[in-house]
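Below, each chain spelled out in residue letters.
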Amino acid sequence: MRNTTRYPVEGANSLWHVYKTVPFWKVVKNFIVIQLARYTPFLGLKNWLYRVFLGLKVGDQTSFALMVMLDVMFPEKISVGRNTVIGYNTTILAHEYLIKEYRLGPVVIGSEVMIGANSTILPGITIGDGAIVSAGTLVHKDVPPGAFVGGNPMRVIYTKEELAERWANDSIYGRKK
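Residues numbered from 1 in each chain as written. Predicted model: local features only at pLDDT ≥ 70, side-chain atom pairs only at ≥ 80, totals over all residues. Heavy atoms only, no water.

Caption draft 1: Seen up close, the pattern of salt bridges. All told, the structure shown has six salt bridges when counted by the stated rule. Between R103 and E96 there is a salt bridge whose closest N-O contact spans 3.4 Å. Each member of the salt-bridge network shares a partner with another, and the members are R2, R6, E96, E101 and R103. (Salt bridge = Lys/Arg side-chain N within 4 Å of Asp/Glu carboxyl O.)

Caption draft 2: Region of the structure containing the sheet that holds strand β2 (residues 57-58). Within the open sheet, the four strands sit side by side as β2-β5-β10-β13. Their pairing is parallel. A strand with exactly one partner marks an edge of an open sheet, and here the two such strands are β2 and β13 (126-127). Looking at chain direction, β2 and strand β5 (residues 78-80) are connected through two bridges and run parallel. In the strand pairing of β5, V58 is matched with V80. (Pairing = 2+ DSSP bridges. Helix = DSSP H or I, 4+ residues; strand = E, 2+ residues; numbered from the N terminus.)

Caption draft 3: Fine view of the nonpolar core. Core analysis: the biggest nonpolar cluster contains 41 residues, and F64, L70, I109, I121 and I127 have the highest contact counts within it. Only α2 (24-39), α3 (43-54), β5, β9 (101-104) and β10 (107-109) provide two or more residues apiece to this core. Ranked by residues supplied to this core, first place goes to α2 with four residues. Setting aside its immediate chain neighbours within four residues, L70 contacts I34, Y50, L54, L56, F64, I78 and I92. (Core = buried A, V, L, I, M, F, W, Y, C linked by side-chain atoms within 4.5 Å. Buried < 20%, exposed > 50% of the residue type's maximum accessible area, 1.4 Å probe, protein only. Contact = heavy atoms within 4.5 Å.)

Caption draft 4: Molecular detail of α3. Over its twelve residues, α3 extends 16 Å from the first C-alpha to the last, a length consistent with the 16 Å expected when each residue adds 1.5 Å. The secondary structure elements touched by the buried residues of α3 are α2, β2, β3 (63-64) and β4 (69-70). G55 sits one or two positions beyond α3 and adopts a positive phi of about 80 degrees. (Expected span 1.5 Å × (residues − 1).)

Caption draft 5: Spatial organisation of α2. The first and last C-alpha atoms of α2 sit 23 Å apart over 16 residues, in line with the 22 Å expected at 1.5 Å per residue. Those residues of α2 lying buried are V27, N30, V33, I34, Q35, A37 and R38. On its buried face, α2 is in contact with α1 (18-21), α3 and β4.

Here is the structure:
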């Protein structure tokens, strides 16, 4: 189950209430910073922009690929561990505005995680250390540490133990020959 807090709204759908939930100028600032970072090829600069201007917790040597789209309204609810790769054009959301409610939830991405290109991570998700998310995956529930997941809907392809067994003799991921 995703870790989100639900907020009901009256009248028009919740997106019509957006500036009651988040200040307009915060969204403008976040949008500008995110757009600058999406196009810069300098990984250290991206991480600095995210930490200083958006309040993200970003671990050392983490890489956000080109065109990664962070939550423009609540980026401070996102944390990423060390030495993680977030693939091209991935979207990470910490909010969802629905018809009768909006939901907010932290996104916690562990260390040594690989997230493939064009994935979408929904609010309230935890991705465990060492997990691998296949390209194009809709991450709609927590990912166990070390698991290999993929698809839409997302499913576990290999558990940590199954992946270790598959890679046991691999010269890069398993024991060295």
